[in-house]
Amino acid sequence: MVDTQSRTLVIVPAWNESANVGETVREIYQHLQGPQYTVVVVDDGSVDGTAAVARDAGAVVLSLPFNMGVGGAMRTGFTYAQRHGYTRAIQVDADGQHNPRDIVPVLDGLQHADISIGARFADVGDYSARGPRRWAMKLLAAVLSRMAKTTLTDVTSGFRAANARAIDQYVGYYPAEYLGDTVDSLVASIHAGLTVTQVPVAMRPRAHGKPSQNPLGASVYLLRTVFALSLAVLRRAGVREPRS
């Protein structure tokens, strides 16, 4: 079970999520009760009432002056965690797709790893991806599994927890671009010597509104990420020790 003495920050990045964020915050607090848990909503330059709704639901609100993307919002949250002495942090999306019931199991993964990923492709739930997007995700998972020396099935999941070592790593480096906050940050963490595990979770449908990234754009970026990551792996494999 989760160490109830560990101070845990639940980071909820939110951009124009006034229709969802209030219920998300309330549901998180229903499942995480106690003074060791704090929910912080990073209002990522929203132009609706996201900040006010989140504050009314009981969250600490950090408002960014303009939209920085999930990576920028999460780095803000991790910086807050570091400065206020939180030993664990977990990302929960504002749109309700991450089930707060799964927060504790994902946090439990930190008992034996620095980073714990809530994995959608681990025989739980019915989440699926098709076509090029699915192929790219499987290839990314295969490459990163080899790098991390453990089986990972969902390296693009944003539902992930970090211990104090990982929080420090993320404050130092956490890409702002789409999927950089998941894939690139994970690669950097593995290179820094952090360990990774995954916990099966079931995703829920988005409660209201549409995702910020359309399926075509997500697929294109995934394919670009696979290509760049493959080149990096090949370059490392081609490096030879200099002859004495």
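Residues numbered from 1 in each chain as written. Predicted model: local features only at pLDDT ≥ 70, side-chain atom pairs only at ≥ 80, totals over all residues. Heavy atoms only, no water.

**Q** Can you walk me through the overall build of the protein chain in this structure?
**A** Scanning the protein chain for helices and strands turns up eight helices and seven strands. Sequence separation of 24 or more characterises 77% of the internal contacts of the protein chain that already satisfy a separation of 6 or more. Surface accessibility of the protein chain: about 12,000 Å² in total, with carbon and sulfur atoms responsible for 54%. (Helix = DSSP H or I, 4+ residues; strand = E, 2+ residues; numbered from the N terminus. Contact = heavy atoms within 4.5 Å. Areas by Shrake-Rupley, 256 points an atom, 1.4 Å probe, with all protein chains shown as cover.)

**Q** I keep staring at the nonpolar core and nothing clicks. Help me out?
**A** For soluble globular proteins, the rule of thumb is that nonpolar side chains tend to be buried together. In this structure, Leu9, Ile11, Phe78, Ile115, Leu144 and Leu186 are the most contacted members of the largest nonpolar core, which totals 34 residues. Looking at this core, the elements that each hand over two or more residues are strand S1 (8-14), strand S2 (37-44), strand S3 (60-64), helix H3 (69-83), strand S5 (115-119), helix H5 (131-148), helix H6 (164-172) and helix H7 (180-191). Here Leu9 is in contact with Thr38, Val40, Gly77, Tyr80, Ala81, Tyr86, Arg88, Ala89 and Ile90, once residues within four sequence places are set aside. Judged by nonpolar contacts, the second largest core, of 26 residues, contains Val10, Ala14, Val39 and Ala57. (Core = buried A, V, L, I, M, F, W, Y, C linked by side-chain atoms within 4.5 Å. Buried < 20%, exposed > 50% of the residue type's maximum accessible area, 1.4 Å probe, protein only.)

**Q** Would you mind showing me how to read the pairing of strand S6 (residues 160-163) here?
**A** The side chains of a regular strand alternate between both faces of the sheet. Where burial is concerned, the two faces of S6 agree: the one with Arg160 and Ala162 and the one with Ala161 and Asn163 are both buried. As paired strands, strand S4 (residues 88-91) and S6 are joined by three bridges and run antiparallel to one another. The partner of Ile90 across the bridge, within S6, is Ala161. (Pairing = 2+ DSSP bridges.)

**Q** Looking at this structure, I do not really get helix H1 (residues 21-31). What am I missing?
**A** Working note: α-helix, 3.6 residues per turn, so residues spaced by three or four point in the same direction. Within the span of H1, buried status applies to Val21, Gly22, Thr24, Val25, Glu27 and Ile28. Residues of H1 that are buried sit in contact with S1, S2, helix H2 (50-56) and helix H4 (103-108).

**Q** Please explain the side chain of Ser189 as it appears in this structure.
**A** With respect to the secondary-structure elements, Ser189 resides in helix H7. From its side chain, Ser189 meets the backbone oxygen of Ser185 in a polar contact 2.8 Å long. Those residues in contact with Ser189 that lie beyond four places of it in its chain are Ile115, Gln169, Tyr170 and Leu194. (Polar contact = N/O pair within 3.5 Å; in protein donor to acceptor, adjacent residues only side chain to side chain.)

**Q** Help me understand the pattern of salt bridges in this model?
**A** When charged atoms on two side chains of opposite charge get close, those side chains can pair. For the coordinates displayed, the defined rule picks out four salt bridges. Of the charged contacts in the structure, one is a salt bridge between Glu27 and Arg204, with a shortest N-O distance of 3.0 Å. Of this pair, Glu27 sits in helix H1 while Arg204 sits in the loop between strand S7 (196-200) and helix H8 (215-238), and the two are 177 residues apart along the sequence. (Salt bridge = Lys/Arg side-chain N within 4 Å of Asp/Glu carboxyl O.)

**Q** So what exactly am I meant to see when it comes to the packing of aromatic side chains here?
**A** Each aromatic ring pair is characterised by the separation of its centres together with the angle its planes make. With the rule as written, the count across this model stands at four aromatic pairs. Through a chain of ring-to-ring contacts, the aromatic side chains of Phe78, Tyr170 and Tyr174 assemble into a single cluster. Its end group placed over the ring of Tyr86, Arg7 keeps NZ or CZ at 4.1 Å from the ring centre. (Phe/Tyr/Trp six-rings, centres within 6.5 Å; stacked < 30°, edge-to-face > 60°. Lys NZ or Arg CZ within 6 Å of the ring centre and 35° of its normal.)

**Q** Is there a simple way to think about H6 in this case?
**A** The set of residues buried in H6 consists of Ala166, Ile167, Gln169, Tyr170 and Val171. Backbone nitrogen of Arg165 and a side-chain oxygen of the N-cap are separated by 3.1 Å at the start of H6; the cap is Asn163.

**Q** Would you mind showing me how to read the environment of Asp108 here?
**A** As for its position among the elements, Asp108 is in helix H4. Counting along the chain gives 91 residues from Asp108 to Val199, while the straight-line C-alpha distance between them is 8.8 Å.

**Q** Quick question: what am I supposed to make of the confidence of the model for the protein chain here?
**A** Keep in mind that low pLDDT regions are not for reading the predicted coordinates in detail. A residue-level look at the protein chain finds 75% of positions with pLDDT of 70 or above and a mean pLDDT of 84. Confidence drops under a pLDDT of 50 for residues 234-244, and excluding neighbours within four residues, the segment shows two contacts in the predicted structure. (pLDDT = per-residue confidence, 0-100.)

**Q** Just checking my understanding: could you explain unusual backbone geometry for this structure?
**A** With the exception of glycine, most residues fall at negative phi, and the peptide bonds are largely trans. Of note, the phi angle at Asn16 is positive, near 50 degrees, even though the residue is not glycine. Here Asn16 is to be found in the loop between S1 and H1. A relative accessible area of 28% means that Asn16 is categorised as partly exposed. One non-glycine residue, Lys149, adopts positive backbone phi at about 60 degrees. Using a relative accessible area of 74% as the deciding quantity, one classes Lys149 as exposed.

**Q** Quick question: what am I supposed to make of the sheet that holds S4 here?
**A** Paired through backbone hydrogen bonds, the strands of a sheet run either parallel or antiparallel to each other. Strands sit in the order S3-S2-S1-S4-S6-S5-S7 across an open sheet of seven strands; the sheet is mixed. With partners counted over all chains shown, the strands left at the sheet margins are S3 and S7, one partner each. On average, each strand axis in the sheet is inclined to that of its neighbour by 20 degrees, with strand direction left out of account. Sitting on the sheet, H6 touches S4, S5 and S6, and the angle it makes with S6 is about 100 degrees. (Axes fitted to C-alpha atoms, helices over the stretch in contact; angles between N-to-C directions.)

**Q** Would you mind going over the packing of H3 against H6 with me for this structure?
**A** The description of two packed helices rests on the angle between their axes and on the distance between the axes. Contact geometry of H3 with H6 gives a least axis separation of 9 Å together with a crossing angle of 130 degrees. As judged from the angle between their axes, H3 and H6 are oblique. In the packing of H3 onto H6, the handedness of the crossing is left-handed. In this structure, H3 contributes Arg75, Phe78, Thr79, Ala81 and Gln82 to the contact, and H6 contributes Ile167, Asp168, Tyr170, Val171 and Gly172. (Parallel < 35°, antiparallel > 145°, perpendicular 65-115°, else oblique. Left-handed = near helix turned anticlockwise from the far one by under 90°.)

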